[in-house]
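As a plain string of letters, each chain reads:
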Amino acid sequence: MLTNQLEVSMYRYNPEQDEFPYMKKYKIEKPARDIMVLDLLHLLKEEDESISYRRSCREGVCGSDGMNINGKNGLACITPISSVMKKNKIELRPLPGLPVIRDLVVDMTEFYAQYEKIKPFLQNNTTAPEQERLQSPEDRDKLDGLYECILCACCSTSCPSFWWNPDKFVGPAALLQAYRFIADSRDLETVERLDALSDPFSVYRCHGIMNCVSVCPKGLNPNKAIGEIKSMLLKSKKNIITSDGTN
Amino acid sequence: MSNSILTDNIKTIEFDALIVGGGGSGMRASLELAKSGLKTAVVSKVFPTRSHTVSAQGGITCAIASADPDDDWRWHMYDTVKGADFIGDQDAIEYLCSEGPKAVFELEHMGLPFSRFENGRIYQRPFGGQSKDFGKGGQAARTCAAADRTGHALLHTLYQNNVKEGTNFLNEWFAVDIVKNSKEEVTGVIAFSIESGEVAYLKAQATVMATGGAGRIYASTTNALINTGDGLAMALRAGFPAQDMEMWQFHPTGIYGAGSLVTEGCRGEGGYLINKDGERFMERYAPNVKDLAGRDVVARSMVLEILEGRGCGENADHIFLKLDHLGADVLNSKLPGICELSRTFAHVDPIYEPIPVVPTCHYMMGGTPTNVNGQAFRRINGNDSIISGLFAAGEAACVSVHGANRLGGNSLLDLVVFGRATGMHIQEELKSGGGVESSSKGDIDASLERLNKLNESTSGYETASVKRELQECMQNYFGVFRRGDFMEKGLNELAEIRHKVDNLHLKDKSSAFNTSRVEAIELQNLFEVAEATAVSAFERNESRGAHARDDFPDRDDDNWLCHSFYDPINKKVSKREVNFAPTKVDAFPPIVRTY
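Residues numbered from 1 in each chain as written. Chains lettered and ligands numbered in written order. Predicted model: local features only at pLDDT ≥ 70, side-chain atom pairs only at ≥ 80, totals over all residues. Heavy atoms only, no water.

Asker: What am I meant to see in the sheet that holds strand 3 (residues 66-69) of chain A here?
Answerer: Consider a sheet: its strands pair through backbone hydrogen bonds, and that pairing is either parallel or antiparallel. Residue and element names in this part refer to chain A. Ordered in space as 2-1-5-3-4, the five strands form an open sheet in which the pairing is mixed. Each end of this open sheet is capped by a strand with a single partner; those strands are strand 2 (22-29) and strand 4 (72-75). Each adjacent strand pair in this sheet contributes to an overall mean axis angle of 30°, direction not counted. Here two bridges tie strand 3 to strand 5 (residues 89-93), and the two strands are oriented antiparallel to one another. Counterpart to N68 in the pairing with strand 5 is R93. Strands strand 1 (5-12), strand 2, strand 3 and strand 5 of the sheet are contacted by helix 1 (residues 37-47), whose axis makes an angle of about 85° with strand 1. (Pairing = 2+ DSSP bridges. Helix = DSSP H or I, 4+ residues; strand = E, 2+ residues; numbered from the N terminus. Axes fitted to C-alpha atoms, helices over the stretch in contact; angles between N-to-C directions. Contact = heavy atoms within 4.5 Å.)

Printed below as a string of structure tokens:
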């Protein structure tokens, strides 16, 4: 192949036309400057209107365009083609493990259902003050690395445990959010939140494979948050045993 | 053709209140309504947390008296009136600034992870155009922040609380056109599921356009790809007016080449702009507040530096934003998102090098005219007349708190204050027996026409190339500086583009997740907004706020201390008086605006 040509192999599936998905090859002239994978998709879509993918902010903050790029999950809009191109080839597939609606668009229902399951909202039933609830900068710092999640699903769909049990294992993205509220000094439902995660599947199906950490486009560490949850669960269990013992 | 979609073949889904748009204002309105027991739905073309509010960085400006215990909402009001170059409605600005603290504290109670001061209160940083004591007490620090990800934190918090309250979401549904009855009341919208292609009539007693801005009318913009002015365009096509459409804010610091926003908070934290000689040139243009002058003032100064040959880079076509002197600690803790964006899109690390920036289209001050309750109105015999059933909030609306130039951090406040107010008003109105009469089959069929025409197209123009043409036209003739003869040329080009936009060819007619269909309709929406912008800009023969005319360089209060009011039916602009009647303070009279 000519060195100034780029070969893009793309997963294609249109439920109205295709019995099975297939990989389609596109050849385009390599752009003069480095562009993002999303820009590449725009160029291809101008040639082939039928290509479908999600996109919105095009700057890595909305989480729309998570996809599998040369075997690794990432956001198309902040992935320069130079960083993923192998021998002038790029392979684009939908996020793995979720049903495909069309081409690079996956059905995220199960992913969102896990998010909703962890009650992703602050719970504090005390009467709110007239002004803000106070929080020390140190307590606020505990939310850094947690609240920045953009729900792109790159992590959960790279996790073999989530592929296996998407209905029962909460998955790294939602567990990161579960810990975001546990860690918030303003949230008063820590015990209930931990209790809801104490079954064998919700959190314990995480086996520390760490794919989530390696793919997170925001540099977050769900594995660490999951570790915190596990050790809190362990402590709360010990407490229960101790109190049982003294009774 | 026989496969036209008719009312008889589609489902009607009925709600009390329908909110079009799942960004900050839409979800603040829905949150208010979800708690009310009214049957409410949010229809959003993207999953709500993908809305453009997520990109807001620096913060939400509000006199919560945290950084300064003596801060006063009246000072914020003064700044906003002045920032707006005196064509913001003072009753609305008074409402925004005085209700603001309540709305911000509510967000905190909902869980928004604001940054904090040592005493535990919400962190506030200085932003452009902020002052103490009505401009006499020096720079204020009034912008409440969650690092430089305030929009993300706000949008996610609102979505989370809507989940908590059980709001109905029609996610990835795309609203196409307004349905109105013979009395010109709005009774809902035609929409389709992007996932399945299913078309439905979403019927409602109250329809709220919370569809955000339309920055994509320009070639270079900080706006998300989804910012195509859908709600405003639907209203225009239905014959409803738009106000102050010539007023577009060009943000001083969009990343050169990429357009991504670099928050004004960078300058609030102590960063500043330099030209190719390393000169801090804002000292010449705004000797008092320098880099923290109004955005319109800073953007124009930057363009003048470039035009006079002092731009940076090989082509001398941009400016540098210097941050390295702030140190790695401040940058990492206060501006982490900016560091990330700069590395990705400008290939520079702000800890060591300046960021190349250029004024970039950022915000639509104009929109569907509304009162403080979010009720849209038109003009009948020179008087405001409420359009039953139609509401607007946020960037899609022109209430008008931003006038000719919005102050940084006021957009997020606008979203929550007026999203909330709209929700409260709809509750009151519907619970006291208000509502609209049903539309007939013919009315609904009429609103299906555009979608049918596109679906039946067998030849015509390509969306991508026509969109480029439109964006270049707007960029060239209706940008930071404007001139009558250039704008006339632009208007002629737009007339040609109109023909193309009305005759797009949709090659892919499939139903499931057909984004080409969405993009074609979005282009038609962009065009309506662009045309309203162009006609209004050509009419306003003065320079005020963001509207800078080379051929009319001065503000003309005798003739133009007023809103422009665009009527889409005859494409004519009339004048509407500005409100100078706040109720809790005396009105601020127009003064010469300097920084």
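Asker: What should I look at first to understand empty space enclosed by the protein in this one?
Answerer: Residues and elements named next belong to chain B. For the coordinates displayed, the defined rule picks out 10 cavities of 30 Å³ or more. Estimated volume of the largest cavity: approximately 670 Å³. In terms of lining, the largest cavity is formed by 48 residues, of which the most central are H52, T53, G212, N227 and E395. Of all the secondary-structure elements, those providing two or more residues to the lining of the largest cavity are helix 1 (24-34), strand 2 (40-44), strand 7 (173-180), strand 14 (355-364) and helix 11 (410-431). (1 Å grid on protein atoms, 1.4 Å probe; cavity = no way out; pocket = protein on both sides within 12 Å on 5 of 7 lines; lining within 4 Å. Points joined across faces, edges and corners; volume = space filled by probe spheres on them.)

Asker: Mind showing me how you'd approach the side chain of T53(B) here?
Answerer: All names here are of chain B. By secondary structure assignment, the location of T53 is in the loop between strand 2 and strand 3 (60-61). We classify T53 as buried; its relative accessible area is 13%. The contacts of T53, once residues within four sequence positions are left out, are G23, G24, G151, H152, L154, L155, L412 and L415. (Buried < 20%, exposed > 50% of the residue type's maximum accessible area, 1.4 Å probe, protein only.)

Asker: What am I meant to see in unusual backbone geometry here?
Answerer: Phi is mostly negative for residues that are not glycine, and the peptide bonds are mostly trans. Residue and element names in this part refer to chain B. Cis geometry marks the peptide bond from V399 to S400; its omega dihedral reads -20°. Its identity is not glycine, yet E172 carries a phi of approximately 55°, on the positive side. Mapped onto the secondary structure, E172 falls in the loop between strand 6 (168-171) and strand 7. Under the relative-accessibility criterion, E172 is labelled buried at 12%. Despite not being glycine, K290 has its phi angle at roughly 50°, a positive value. Structurally, K290 can be placed in the loop between helix 7 (282-285) and helix 8 (295-307).

Asker: Got a minute to help me understand the packing of aromatic side chains in this structure?
Answerer: The description of two aromatic rings rests on the distance between their centres and on the angle between their planes. Throughout the structure, instances matching the rule amount to 14 aromatic pairs over all chains. Between the aromatic rings of Y78(B) and F134(B), the centroid separation amounts to 6.1 Å while the plane-to-plane angle is 90°, which identifies the pairing as edge-to-face. Highlighted residues: Y78(B) in helix 2 (residues 73-83) and F134(B) in the loop between strand 4 (124-125) and strand 5 (143-144), separated in sequence by 56 residues. The partly exposed category is assigned to F134(B), whose relative accessible area is 27%. Considering the side-chain rings of Y218(B) and W248(B), the 5.7 Å spacing of their centres and the 75° angle between planes classify their relative orientation as edge-to-face. Here Y218(B), found in the loop between strand 9 (199-209) and helix 5 (230-237), pairs with W248(B), found in strand 11 (residues 248-255); they are 30 residues apart in sequence, far enough to count as distant. We classify Y218(B) as buried; its relative accessible area is 0%. Members of the aromatic cluster, joined through ring pairs, are F111(A), Y112(A), F47(B), Y159(B) and F169(B). Here the basic side chain of R180(A) rests over the ring of F181(A), its NZ or CZ set 4.1 Å away from the ring centre. The ring of F565(B) carries the charged tip of R379(B) above its face, separated from the ring centre by 6.0 Å. (Phe/Tyr/Trp six-rings, centres within 6.5 Å; stacked < 30°, edge-to-face > 60°. Lys NZ or Arg CZ within 6 Å of the ring centre and 35° of its normal.)

Asker: Which parts of the structure should I look at to understand the pattern of salt bridges?
Answerer: If you walk through the whole model with that rule in mind, you get 72 salt bridges over all chains. A salt bridge links E340(B) to K218(A); its shortest N-O distance comes to 2.9 Å. Of this pair, E340(B) sits in helix 10 (residues 336-346) while K218(A) sits in the loop between helix 8 (211-215) and helix 9 (222-246), each in a different chain. Since its relative accessible area comes to 16%, K218(A) is described here as buried. Several salt bridges share partner residues, and in doing so they unite D85(B), D244(B), E246(B), D296(B), R300(B), R540(B), E542(B), R544(B), R555(B), D557(B) and R593(B) into one network. (Salt bridge = Lys/Arg side-chain N within 4 Å of Asp/Glu carboxyl O.)

Taken by themselves, the reported measurements are silent on function.
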